Amino acid sequence: MLKSNDGQDFKRYVVMDYLSDVLIRAYGKSIKELFENAAEGMFSLIIDIESIEKKFEKKMKINLREKIGLEDLLIIWLEKILYLNEVNDLIFSEFKIIDLINNESESRISALLKGEKINLKKHEIFLQIKAPTYHNLFIKQDNEAGIFTVDIVFDV
Amino acid sequence: MKEYEIKKISDYKWELPLNKDFKMRVPGIIFSDKELLEHASQEETLAQVINVATMPGIVNASYAMPDIHYGYGFPIGGVAAFDMDDGVISPGGVGFDIACGVRLLRSDLEYKDIEKKMENLMGNIFTSVPKGIGTKGRIKLTEREINLIFKNGAVWAINNGYGDEEDKYHIEENGCMAGAEPLNVSREAIVRGFEQVGSLGSGNHFIEVQKVDEIYNKAAAKRMGLSVGQITVMIHSGSRGLGHQICSDYLKVMQSASKKYNIILSDRQLACAPINSPESIKYYSAMVCAVNFALANRECLAHWVRLVFEKMFNKSYKKLGMDLVYDVSHNVAKFETHDVNGKEKKLCVHRKGATRSFGPGCHGIPDDYKDLGQPVIIPGDMGRYSYVLLGTKKAMHESFGSTCHGAGRLLSRTSARKKVNGKELQRELFDSKGIIVLADSMSSIAEEAPIAYKDVKNIVDIAEKAGLSEKVAKLVPLGVIKG
């Protein structure tokens, strides 16, 4: 749970009803936290996060020598995690962003993911996510509550 | 919610008139009956039809097929053709699962031949088909081989012992789409594809053993080798992670390209570039690689299924008559020549959740089906039925030769999961209809429950009444493998 400046409680992410695909609404008190929660929300679609043991840590870096929109950076962040999941059969339950920079000359994320290799005898895969989409993708900020929100539609 | 003006053209065709306030360049045309149209309007799907109608160079209309539903960017069931001179190509108009499609295998077997073996048969198919994450592919490709797949499609599978020589004549583009350029496929996409050829994937992908239940067009069914009581196999899959990555890569390219070419987007998922721009040329050549990967994928999947049948019936698949009826994609962009106001014009036709439905005599139809029209395969849900249709002459004028692609969802995945228990549904389908459903995840059975889908019979009937396709055969499920 997150607590906003005006005392409201927010879940870190919510899976919303979306007809053909899946929509995650993520919240965060900072952009970093918003990105972390979006990643966890995405992973909650793939697998029961509680069933994942933190057996190893994986460093992840995104380094772009240009300024891109925060929404674009969010898409790259989520895609990179999906890539690790699909190519290396890795599942994660913790997504810690150590550094997030998005300025005039660069867009960077360095993060530490914790999880394990998938074991189908132990883990049930709910679904495979094809990709996050740009559909109606806007990071909003409620200044009074001090909360960032984003709705992400995933193609599944 | 916005109120849109909808004009009735016929009982099965409706127009969203040109409205400059919405920056529409062409009207929207929806093939639907009144009831389904009301449903579509509730879902704000109409806004997505309108958004597509704002895209540069769109010709005639932004079309919606009878199974239209709310997607992202383009609606699912959307068809848009673009002019070669001032039109665009949009990766979002094809979708992430490039060349997702269906194929149908026939057989000489009848229900009585397989009735007692069903459980074993489905169990064996289930274990012989890789699904995706956590399961190893049966084929590990090298970079050289994946490049050969990009260029040769299903023909690669056939040449490498994973398919049948005759199959290619019954696959769109003879099993291999021209225009691939492997250099335009990213390293990430290639790596994702290494172990994915011949794997099913998840979501609504499936392998279904079916029985032909009803024939509507005897002559066409006979030509396709279909008769009542006979066993068929339907396979629904696409280009897997490789195709998803190509779409993701080029969506990013198109975000900048849209700005570069001053294209105003009503939704960033519609990002696009002029057809003859370097960005579009690159995307198209990479998309073709994914199309060919998908064709090879379905060829391999069919091969695994044929091998299981061979083992179960101690006969070669050839002797079992397991020929390919047809293989058709429903997420793709193609250059096609169509009649536009009495003139032949080359266009780039995007079909997203829509099937090509070319009429008799059209270019691109296999010789043995040429006088009938192009076969169209429409999967329904796991508890009811699927259909084989034929393309029509009328579709060529009405929808650039396009029709529906499936039933269309009625419930979201989350509501389906809330309403249905996967395990109970699995038991109920077996007890009431004898249908064996196998899946790694019970929640995926719940998400794909029959109640989550519209009745595909209504959809194909509307498509027929609108003149977009004609019914040939109805197939009922006996066993289903969910990805």
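Residues numbered from 1 in each chain as written. Chains lettered and ligands numbered in written order. Predicted model: local features only at pLDDT ≥ 70, side-chain atom pairs only at ≥ 80, totals over all residues. Heavy atoms only, no water.

Caption draft 1: View of the packing of aromatic side chains. All names here are of chain B. With the rule as written, the count across this model stands at 17 aromatic pairs over all chains. On the numbers, 6.3 Å between centres and 10° between planes, the contact of Phe 31 with Tyr 63 is stacked. Pair noted here: Phe 31 is in strand β3 (residues 28-31) and Tyr 63 is in strand β4 (residues 62-72), with a separation of 32 residues, a long-range link. When its relative accessible area of 0% is taken as the criterion, Phe 31 is described as buried. (Phe/Tyr/Trp six-rings, centres within 6.5 Å; stacked < 30°, edge-to-face > 60°. Helix = DSSP H or I, 4+ residues; strand = E, 2+ residues; numbered from the N terminus. Buried < 20%, exposed > 50% of the residue type's maximum accessible area, 1.4 Å probe, protein only.)

Caption draft 2: Focus on the packing of helix α5 (residues 143-152) of chain B against helix α10 (residues 278-313) of chain B. Residue and element names in this part refer to chain B. In the contact formed by α5 and α10, the axes pass within 7 Å of each other and the chain directions differ by 95°. Between α5 and α10, the crossing angle belongs to the class labelled roughly perpendicular. Contacts from Ile 146, Ile 149, Phe 150 and Lys 151 of α5 reach α10 at Val 288, Cys 289, Asn 292, Phe 293 and Ala 296. For the contact of α5 with α10, the class distribution of residues is 7 nonpolar, 1 polar and 1 charged. (Axes fitted to C-alpha atoms, helices over the stretch in contact; angles between N-to-C directions. Parallel < 35°, antiparallel > 145°, perpendicular 65-115°, else oblique. Contact = heavy atoms within 4.5 Å. Nonpolar A, V, L, I, M, F, W, Y, C, P; charged D, E, K, R; others polar.)

Caption draft 3: Expanded view of the sheet that holds strand β6 (residues 90-102) of chain A. Residue and element names in this part refer to chain A. With respect to topology, 3 strands assemble into an open sheet ordered β5-β7-β6, the strand pairing being antiparallel. The open sheet has two free edges, formed respectively by β5 (56-64) and β6, since each of these has just one partner strand. Within this sheet the neighbouring strands show an average axis-to-axis angle of 20°, counted without direction. Alignment of β6 against strand β7 (residues 107-117), held across 11 bridges, turns out to be antiparallel. Note that in β7 the partner of Glu 94 across the bridge is Lys 114. Most of the contacts of helix α1 (residues 31-46) go to β6, to which it runs at about 160°, and overall it touches β6 and β7. Lying over the sheet, helix α2 (residues 70-88) contacts β5, β6 and β7, oriented at roughly 150° with respect to β6. (Pairing = 2+ DSSP bridges.)

Caption draft 4: Representation of helix α15 (residues 456-465) of chain B in the model. If you check which residues of α15(B) are buried, you get B:Val456, B:Ile459, B:Val460, B:Asp461, B:Ile462 and B:Ala463. Here α15(B) starts with a cap whose side-chain oxygen sits 3.0 Å from the backbone nitrogen of B:Lys457, and that cap is B:Asp455. (Polar contact = N/O pair within 3.5 Å; in protein donor to acceptor, adjacent residues only side chain to side chain.)

Caption draft 5: Structural context of the nonpolar core. Counting residues in hydrophobic clusters, the biggest one holds 161 residues, and the most contacted among them are A:Phe43, A:Trp77, B:Ile125, B:Met287 and B:Phe309. If you tally residues by element for this core, the top one is α10(B), at 21 residues. The residues touching B:Phe309, leaving out its near neighbours within four places in the chain, are B:Leu109, B:Leu121, B:Ile125, B:Val209, B:Val233, B:Asn314, B:Leu320 and B:Met322. (Core = buried A, V, L, I, M, F, W, Y, C linked by side-chain atoms within 4.5 Å.)

Caption draft 6: Structural context of empty space enclosed by the protein. Going through the model one piece at a time under the given rule, you end up with 5 cavities of 30 Å³ or more. Looking at the largest cavity, its volume works out to about 540 Å³. Split into classes, the residues belonging to the lining of the largest cavity amount to 12 nonpolar, 12 polar and 11 charged. Of the pockets and cavities examined, the second largest cavity occupies roughly 130 Å³. Taken together, 18 residues make up the lining of the second largest cavity; nearest its centre are A:Gln128, A:Ile129, A:Lys130, B:Arg240 and B:His244. Elements with a minimum of two residues in the lining of the second largest cavity: α2 of chain A together with α9 (240-260) of chain B. Residues that form the lining of the second largest cavity fall into these classes: 5 nonpolar, 8 polar and 5 charged. (1 Å grid on protein atoms, 1.4 Å probe; cavity = no way out; pocket = protein on both sides within 12 Å on 5 of 7 lines; lining within 4 Å. Points joined across faces, edges and corners; volume = space filled by probe spheres on them.)

Caption draft 7: Local environment of unusual backbone geometry. One non-glycine residue with positive phi stands out, namely A:Asn136, at about 50°. Take A:Asn136: its relative accessible area is 41%, and that puts it in the partly exposed class. In this structure, B:Ala99 is a non-glycine residue whose phi angle is positive, near 60°. Along the chain, B:Ala99 falls in the loop between β6 (88-89) and β7 (101-105).

Caption draft 8: α2(A), seen in detail. Taking 1.5 Å per residue as the helical rise, α2(A) with its 19 residues ought to reach 27 Å, and the 27 Å between its terminal C-alpha atoms agrees with that figure. Once α2(A) ends, the next one or two residues include A:Asp89, with phi positive near 55°. (Expected span 1.5 Å × (residues − 1).)

Caption draft 9: Expanded view of the environment of B:Ile89. One can find B:Ile89 in strand β6. Contact partners of B:Ile89, with chain neighbours within four places excluded, come to B:Met254, B:Ala271, B:Cys272, B:Ala273, B:Ile275, B:Ser280, B:Tyr283, B:Tyr284, B:Phe335, B:Cys348 and B:His350.

Distances and angles like these do not, on their own, reveal function.
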